[in-house]
Amino acid sequence: MKTFFNAVTFMAGITIALGSFAAEWTIDVEGTPEFGYNDNVTLRENKEDSFTFKIKPTLVLGRAVDDMTSSVQLGYALERYSSISRLDSENPFILFRNNYSTERANFGLNASFVEDSTRNEAEDDNGDFASSATSRTRSISPSISYQVTEIDSIQSNFTYSEKEYSSPDFDDNQTKSLTLGWTRQFTERFIAGVNTTVSNYKIDGLTSSSDDDNYNLATFLSYQLTETWSISGDIGFRRLETERKFNTGNVLKDTNSGSSFSISSAYAQEKDDIDVKYYKELSPSSSGNVNEQEGISLNWSRELTELITANLRASYKETRTASSQLDDEKRENINLSPSLTWKLDSNLGLNIGYVFKQQKRDEMRDVESNSVMVSVTYDWDGYRISR
């Protein structure tokens, strides 16, 4: 808690300093209470069902002038389980965003402090949905883009994050990443460019530590096929160099090469919005390894009436260890989530949804869960102060 309040003070100090020559401030409050039931909360063979309650009350402070926008979000993510009290959690978070623009340049700065339940990150991490552990993540990410000519621009982005866990079952890790890119707008519809990224993952565990360097060179493009349909994507070559040291004194070194890509297509018209994405990427995990993830996702929404909208989210993901010398266990995750959104009035809405999850692991039985939930949304217009 002390760390959280120190972070709040630091972010608030930055915002106040930026606002010393300020123009307009905004104050808003967000929070969507969600009530539900899950027949297998921990996604295990021995099922544990529970009624659930989730809410994330958030205070949003914003400031805007002609060339700069800043915002701070701070709050708590609360989760309650009627039958599995060990999973109850209260996790604070604070997010800071700042953007400054000139005639040719754009400067950005994002920083955050987030506590979260590890089970909420399990699909992207190690697949353990039963843990009651908490992760604490601090990150900062400055960025800059510069318009060299009317059609050419260059970009740079640096990200540093560190993650700590409340349980020794997970390994603390640190990530540093630097990306440099060039973009050209060839036509009104066609944009392309090149990115190069250098990343370092450091993992500190009880029995071993690892230091992984990843190098990635990729080309990307975006093309507006019609007024309603666009495609975008990137494809590249990556090289992963791993060094893992064990407490026994043994050292494991490995070099692994492969591809990385992301291809997406978006379609939007008056009543329908569809977004499909296929990707392959690397991601550090709390198990001491770097994961390689490949998957496909679909997001679709359709306006049935002026008040009711139907939504569908579906995804399939394969996760395996990127290193060729470590155990190559494959994990598959499937998610399917249809829902309905009902706009009761201009500020009040009701969401009704269903979520199906399935997880498959080598030499283990498939497990799945079904959950239903109802949430209420209220869009407060906020409060504005001009100075």
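Reading guide: rules and limits
- Residues numbered from 1 in each chain as written.
- Predicted model: local features only at pLDDT ≥ 70, side-chain atom pairs only at ≥ 80, totals over all residues.
- Heavy atoms only, no water.
- Patch = residues over 30% accessible without salt bridge, like charges linked within 9 Å, V, L, I, M, F, W, Y side chains within 5 Å.
- Areas by Shrake-Rupley, 256 points an atom, 1.4 Å probe, with all protein chains shown as cover.
- Salt bridge = Lys/Arg side-chain N within 4 Å of Asp/Glu carboxyl O.
- Helix = DSSP H or I, 4+ residues; strand = E, 2+ residues; numbered from the N terminus.
- Core = buried A, V, L, I, M, F, W, Y, C linked by side-chain atoms within 4.5 Å.
- Buried < 20%, exposed > 50% of the residue type's maximum accessible area, 1.4 Å probe, protein only.
- Contact = heavy atoms within 4.5 Å.
- Pairing = 2+ DSSP bridges.
- Polar contact = N/O pair within 3.5 Å; in protein donor to acceptor, adjacent residues only side chain to side chain.
- Phe/Tyr/Trp six-rings, centres within 6.5 Å; stacked < 30°, edge-to-face > 60°.
- Lys NZ or Arg CZ within 6 Å of the ring centre and 35° of its normal.

(A) Up close: a nonpolar patch on the surface. A cluster of nonpolar residues, Leu221, Tyr223, Trp229, Ile231, Ile263, Tyr267, Ile274, Val276, Tyr278 and Ile296, forms a patch on the protein surface that exposes about 800 Å² of accessible area. Where the nonpolar patch is concerned, the elements lending two or more residues are β12 (208-224), β13 (229-246), β14 (251-268) and β15 (272-284). At three residues, the largest contribution of residues to the nonpolar patch is made by β15. For Ile274, the position within the fold is in strand β15.

(B) Broad picture of the nonpolar core. Counting residues in hydrophobic clusters, the biggest one holds five residues: Tyr201, Leu240, Leu282, Val290 and Ala322. Leu240 has contacts with Asp212, Asp213, Asn214, Asp254, Thr255, Asn256, Leu282, Val290 and Ala322, leaving out every residue within four places of it along the chain.

(C) Region of interest: the side chain of Thr137. Note that Thr137 resides in strand β8 (residues 134-147). Under the relative-accessibility criterion, Thr137 is labelled buried at 17%. When residues no more than four places from it in sequence are discounted, the contact partners of Thr137 are Ser112, Phe113, Val114, Glu162 and Lys163.

(D) Representation of the pairing of β8 within the structure. The pairing of strand β7 (residues 105-117) with β8 spans 13 bridges and is classified as antiparallel. Looking at the pairing, Asn110 lines up with Ser141 of β8. As judged from the eleven bridges shared by β8 and strand β9 (residues 152-165), these two strands associate in the antiparallel manner. Among the inter-strand pairings, Ser143 is bridged to a residue of β9, identified as Asn157.

(E) Inspection of the side chain of Glu292 at higher detail. Mapped onto the fold, Glu292 is located in strand β16 (residues 290-303). Assessed through its relative accessible area of 14%, Glu292 is described here as buried. Of the polar contacts made by the side chain of Glu292, one reaches the side chain of Arg238; its length is 2.6 Å. In this structure Glu292 touches Arg238, Lys280, Glu281, Leu282, Glu318, Thr319, Arg320 and Ala322, once residues within four positions along its chain are discounted.

(F) A look at the packing of aromatic side chains. Here the structure, examined in full by the defined rule, presents seven aromatic pairs. Judged by centre distance (5.1 Å) and plane angle (55 degrees), the rings of Tyr37 and Phe51 are tilted. Residue Tyr37 is found in strand β2 (residues 34-38), and its partner Phe51 is found in strand β3 (residues 50-55); the two are separated by 14 residues along the sequence. Under the relative-accessibility criterion, Tyr37 is labelled partly exposed at 29%. Relative accessible area serves as the criterion here: at 54%, Phe51 is assigned to the exposed category. Grouping aromatic residues by their ring pairs yields a cluster made of Phe186, Phe190 and Tyr223. Of note, Lys56 hangs over the ring of Phe93, and the distance from its end group to the ring centre comes to 5.6 Å.

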